[in-house]
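Structure assessment
In case you want the letters, here they are:
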Amino acid sequence: MLTGVTDGIFCCLLGTPPNAVGPLESVESSDGYTFVEVKPGRVLRVKHAGPAPAAAPPPPSSASSDAAQGDLSGLVRCQRRITVYRNGRLLVENLGRAPRADLLHGQNGSGEPPAALEVELADPAGSDGRLAPGSAGSGSGSGSGGRRRRARRPKRTIHIDCEKRITSCKGAQADVVLFFIHGVGGSLAIWKEQLDFFVRLGYEVVAPDLAGHGASSAPQVAAAYTFYALAEDMRAIFKRYAKKRNVLIGHSYGAGFARQGAKEKQLLKEGNAFNVSSFVLRAMMSGQYWPEGDEVYHAELTVPVLLVHGMHDKFVPVEEDQRMAEILLLAFLKLIDEGSHMVMLECPETVNTLLHEFLLWEPEPSPKALPEPLPAPPEDKK
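Residues numbered from 1 in each chain as written. Predicted model: local features only at pLDDT ≥ 70, side-chain atom pairs only at ≥ 80, totals over all residues. Heavy atoms only, no water.

What the chain contains, in helices and strands, is ten helices and 14 strands. With 382 residues in all, the chain has 42% of them scored as buried. Look at the contacts in the chain between residues 6 or more apart in sequence, and 75% of them connect residues 24 or more apart. In the form shown here, the chain has an accessible surface area of approximately 20,300 Å², with 54% of it arising from carbon and sulfur atoms. (Helix = DSSP H or I, 4+ residues; strand = E, 2+ residues; numbered from the N terminus. Buried < 20%, exposed > 50% of the residue type's maximum accessible area, 1.4 Å probe, protein only. Contact = heavy atoms within 4.5 Å. Areas by Shrake-Rupley, 256 points an atom, 1.4 Å probe, with all protein chains shown as cover.)

In C-alpha cells:
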C-alpha cells in the first residue's frame, strides 16, 4: 500500500540520500532471529518471518499488460494547498473531490473531510489560540472598534497535485512487507500476536528491537538514543528488507496500561518485553526531539494512514488523534473502547482485524478518472 515511501520518508527525516546506507553485516541465530550490525558496534535483533518462497510467476502477456495500463482501480487524485502563516497558523485546503470520501473518518463515523482546516502549529511564536476546524476565514473582517484587519501574509505555500495508485496488500503477494516498530521500554515481543497472525495469512513481517531494547546492543552514550539515531537505524533495516510495497506499523514513545490487573502484570512478564535499563529509558525520553515532524509534515503525506486509539489511554488524548486524522490527507481513525495505550497486547484480535482490513482496503476511483462510455452505434437509415 505504501509504494516506495520508506526511503522518501527517512530521507526527509535525516536529510541524507537513501543510498547512504552501506551493506549490513548479519548473523542468523538458531531461534529464528537475525542480528544485524547497522553500524560498527551497533547491533539490532530482528525478527524476520514469512511464508516459504514460491516459484516466480510467469511474465504477463501483452494482453494483460494492456489491461493493466487501462485499469483505474485504486487510482486517486491528491489535491490540496497548505499555507503556513507568519503568525504560526496553518491552513489546509482540500481541492477538488476528496480522495478519502469513502474512508471511515473521525470518531468511528463516516463523512467527508472539511474543505478547509485551520489550526495552530505546535508552540508557535506569538500565537493567541487555535481556530476551530472549518473556520478558515478570510484575511479581512471587523475587529474590535470596527477596524478592518489586515490580510495575513503567508510564510510559505505548498501545493500537492498528484495521482497515486493505492492497491490492497494481500498476504500472497510477494512484494509486500509489514514492518512492526515498538516504542520506548518495549521490544519486538509486544507484537507477537500480530506477527503470528499475519505470518499465518501469508505475509512477510519484519520486527526489530530498538537500540537498548530487547536483545539489541545498548550503547552507554545518550546520543545513541536520539530520534535521529533511531531513525537512522530503522532506515538501515528498511534498506535491507524493504520491497516494492512496505507498510509501517508503529507504536508510541511510551508504554502504559489502563489498569494493572493480573492479565496486565502477566503481559509485562512474558517474553521479557519491558526489561530496559533506567539509563536507556532516560536517554530515550530526553532524545524525543524532532521539530521537523510538525503539522505541515503530516499534512504533506499522501499515503493512507490508520490511527488506532484506546479510549483508556492516559498518555495520548483522543483529541490529539482526532486532530491528526483531520490534518492527514488519507486517514482512518478507529477507537477501541476497552483498550488503552497497549492495545496490541490488550486487544490483539481487534487490532489484528483492523490492521488486516486496512491492508485490504482500496479507494474508489474518482469519477473524473473513469473512462468515457463508448458511443452507441449509429442506427441504420433506410
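From this point, things continue past the structure.
This part covers the sheet that holds strand β9 (residues 154-165). Strand-to-strand pairing in sheets goes through backbone hydrogen bonds, with the strands running parallel or antiparallel. The strand order β8-β5-β4-β9 describes an open sheet built from four strands, whose pairing is antiparallel. In this open sheet, the two edge strands, each paired with only one partner strand, are β8 (116-120) and β9. Across this sheet, the average inter-strand angle for adjacent strands is 15°, counted without regard to direction. Pairing of strand β4 (residues 75-85) with strand β5 (residues 89-94) involves five bridges; the strand directions are antiparallel. The partner of V84 across the bridge, within β5, is L90. Of the strands in this sheet, β4 and β8 are in contact with helix α8 (residues 318-327), which crosses β8 at around 130°. (Pairing = 2+ DSSP bridges. Axes fitted to C-alpha atoms, helices over the stretch in contact; angles between N-to-C directions.)

This paragraph deals with the nonpolar core. If you look at the biggest cluster of nonpolar residues, it comprises 46 residues, and the most contacted ones within it are L90, L178, F180 and F198. With five residues, the single largest contributor to this core is helix α10 (residues 348-360). Apart from the residues lying within four places of it in its own chain, the contact partners of F198 are L178, F180, Y203, V205, N352, L355, H356 and L359. Within the second largest apolar cluster, 23 residues are counted, among which are V36, V46, I181 and A211. (Core = buried A, V, L, I, M, F, W, Y, C linked by side-chain atoms within 4.5 Å.)

Relative to the assigned elements, E346 resides in helix α9 (residues 343-346). Distance in space between the C-alpha atoms of E346 and G310 is 9.6 Å, their sequence separation being 36 residues. Polar side-chain contacts of E346 include one of 2.6 Å to the side chain of S340. (Polar contact = N/O pair within 3.5 Å; in protein donor to acceptor, adjacent residues only side chain to side chain.)

Taken as a whole, this structure holds nine salt bridges when the rule is applied. Put simply, D233 and R42 hold a salt bridge, and the shortest N to O gap is 2.7 Å. Linking D233 in helix α4 (residues 227-241) with R42 in strand β3 (residues 42-49), this pair joins segments that are 191 residues apart in sequence. Assessed through its relative accessible area of 6%, R42 is described here as buried. (Salt bridge = Lys/Arg side-chain N within 4 Å of Asp/Glu carboxyl O.)

For the pair helix α3 (residues 192-200) and α10, interaxial distance at closest approach is 10 Å and the crossing angle is 45°. Compared by their axis directions, α3 and α10 come out oblique. When the axes of α3 and α10 are compared, the crossing they make is right-handed. On α10, the residues touching E193, Q194, F197 and F198 of α3 are P348, V351, N352, L355, H356 and L359. (Parallel < 35°, antiparallel > 145°, perpendicular 65-115°, else oblique. Left-handed = near helix turned anticlockwise from the far one by under 90°.)

A word on the environment of F332. Relative to the elements of secondary structure, F332 occurs in strand β14 (residues 331-336). Each C-alpha atom of the pair F332 and V305 lies 6.3 Å from the other, and the pair is 27 residues apart in sequence.

Turning next to the packing of aromatic side chains. A full pass over the atoms with the stated rule returns eleven aromatic pairs. Measuring from ring centre to ring centre gives 5.5 Å for F198 and Y203, while their planes differ by 80°; the resulting arrangement is edge-to-face. Using a relative accessible area of 0% as the deciding quantity, one classes F198 as buried. Look at Y203 and you get buried, because its relative accessible area is 1%. Between F227 and W290 the ring centres are 4.7 Å apart and the planes differ by 15°, which places this aromatic pair in the stacked class. Of the two residues, F227 sits in helix α4 while W290 sits in the loop between α6 (278-286) and α7 (295-300), which places them 63 residues apart along the sequence. A residue is classified by how much of its surface remains accessible, and F227, at 15% relative accessible area, is buried. Given a relative accessible area of 22%, W290 falls into the partly exposed group. (Phe/Tyr/Trp six-rings, centres within 6.5 Å; stacked < 30°, edge-to-face > 60°.)

A few words now on a positive patch on the surface. Among the surface-exposed residues, R86, R153, K155 and R156 lie close enough to one another that they form a single positively charged patch. Following the sequence through the fold, R86 ends up in the loop between β4 and β5. The exposure class of R86 is exposed, given its relative accessible area of 52%. (Patch = residues over 30% accessible without salt bridge, like charges linked within 9 Å, V, L, I, M, F, W, Y side chains within 5 Å. Lys, Arg positive; Asp, Glu negative; His and termini not counted. Charge placed at Lys NZ, Arg CZ, Asp CG, Glu CD.)

What follows is about the pairing of β4. The buried fraction of β4 amounts to eight of the eleven residues, a majority that puts the element mostly inside the structure. Inspection of the sheet shows β4 paired to β9 by eleven bridges, in the antiparallel sense. Note on β9: the bridge partner recorded for I82 is I158.

Looking now at the confidence of the model for the chain. Low pLDDT marks stretches whose predicted atomic positions should not be read closely. Of all residues in the chain, 64% have pLDDT values of 70 or greater, and the mean over the chain is 76. Counted against residues more than four places away or in other chains, residues 1-23, with its pLDDT under 50, gives 56 contacts. The low-confidence segment residues 100-111, where pLDDT is below 50, has 35 contacts with residues more than four positions distant or belonging to other chains. (pLDDT = per-residue confidence, 0-100.)

This brings us to the side chain of H298. With respect to the secondary-structure elements, H298 resides in helix α7. Under the relative-accessibility criterion, H298 is labelled buried at 17%.

Glancing now at the environment of Q173. Assignment of secondary structure puts Q173 in the loop between β9 and β10 (176-181). On a C-alpha basis, the gap between Q173 and G202 in space is 8.3 Å, while along the polypeptide they are 29 residues apart. Beyond its immediate sequence surroundings of up to four residues, Q173 is in contact with S168 and R245. There is a polar contact of 2.8 Å between the side chain of Q173 and the backbone nitrogen of K170.

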